[in-house]
Amino acid sequence: CQAYRDAVDPEFRLIGPAGLFNSATNLLAQLLRMNCINNARLKTKKYRPRDAPSGVKIQAPWGKHNPVFWRLHHEAKVGGAGTKQEDFLPIVMIKDPLTWMASMCRH
């Protein structure tokens, strides 16, 4: 997203999963950690101590399954403290509605 790239310096950029329950956000988190590294963060070491050095967080700082309007108004208990939410770009996992509803009904 060009607006994100213009607003956040590379060494402060963060990504992580967000999405509805049962939409494979844990798998997305694992794939992001395995395949995405912010080299600018690793080289400059300007990241904040609680943030992920690679630039990939386990979840959105406002919560992995929380609605996006909680951004800037809520801090997740895990991974939210000390994170500047404006520096975070959520990678959102979605499913088609029928498959998602079937998986919700199973649990």
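Structure's up top.
Quick caveat: nothing in here was measured; it's all calculated off a predicted structure.

**Focus: the overall build of the protein**
When helices and strands are counted, the protein shows four helices and two strands. Each helix and strand of the protein, placed in order from N terminus to C terminus, yields the pattern α-β-α-α-β-α. Residues classed as buried in the protein amount to 32% of the 107 residues present. A sequence separation of at least 24 residues applies to 61% of the contacts in the protein between residues at least 6 apart. Total accessible area on the protein is roughly 6900 Å²; 61% of this is exposed by carbon and sulfur atoms.

**Let's talk about the packing of aromatic side chains**
Summed over the entire model, instances satisfying the criterion amount to one aromatic pair. A centroid spacing of 5.7 Å and a plane angle of 90° characterise the contact between Trp62 and Phe88, whose relative ring orientation is edge-to-face. You can see Trp62 sitting in the loop between α3 (39-44) and β2 (88-93) and its partner Phe88 sitting in strand β2, a full 26 residues away along the chain. Assessed through its relative accessible area of 2%, Trp62 is described here as buried. In this structure Phe88 comes out as buried when scored by relative accessible area, which is 2%.

Reading the values: the criteria
Residues numbered from 1 in each chain as written. Predicted model: local features only at pLDDT ≥ 70, side-chain atom pairs only at ≥ 80, totals over all residues. Heavy atoms only, no water. Helix = DSSP H or I, 4+ residues; strand = E, 2+ residues; numbered from the N terminus. Buried < 20%, exposed > 50% of the residue type's maximum accessible area, 1.4 Å probe, protein only. Contact = heavy atoms within 4.5 Å. Areas by Shrake-Rupley, 256 points an atom, 1.4 Å probe, with all protein chains shown as cover. Phe/Tyr/Trp six-rings, centres within 6.5 Å; stacked < 30°, edge-to-face > 60°.

Functional significance is not addressed by these values, which are geometric in nature.
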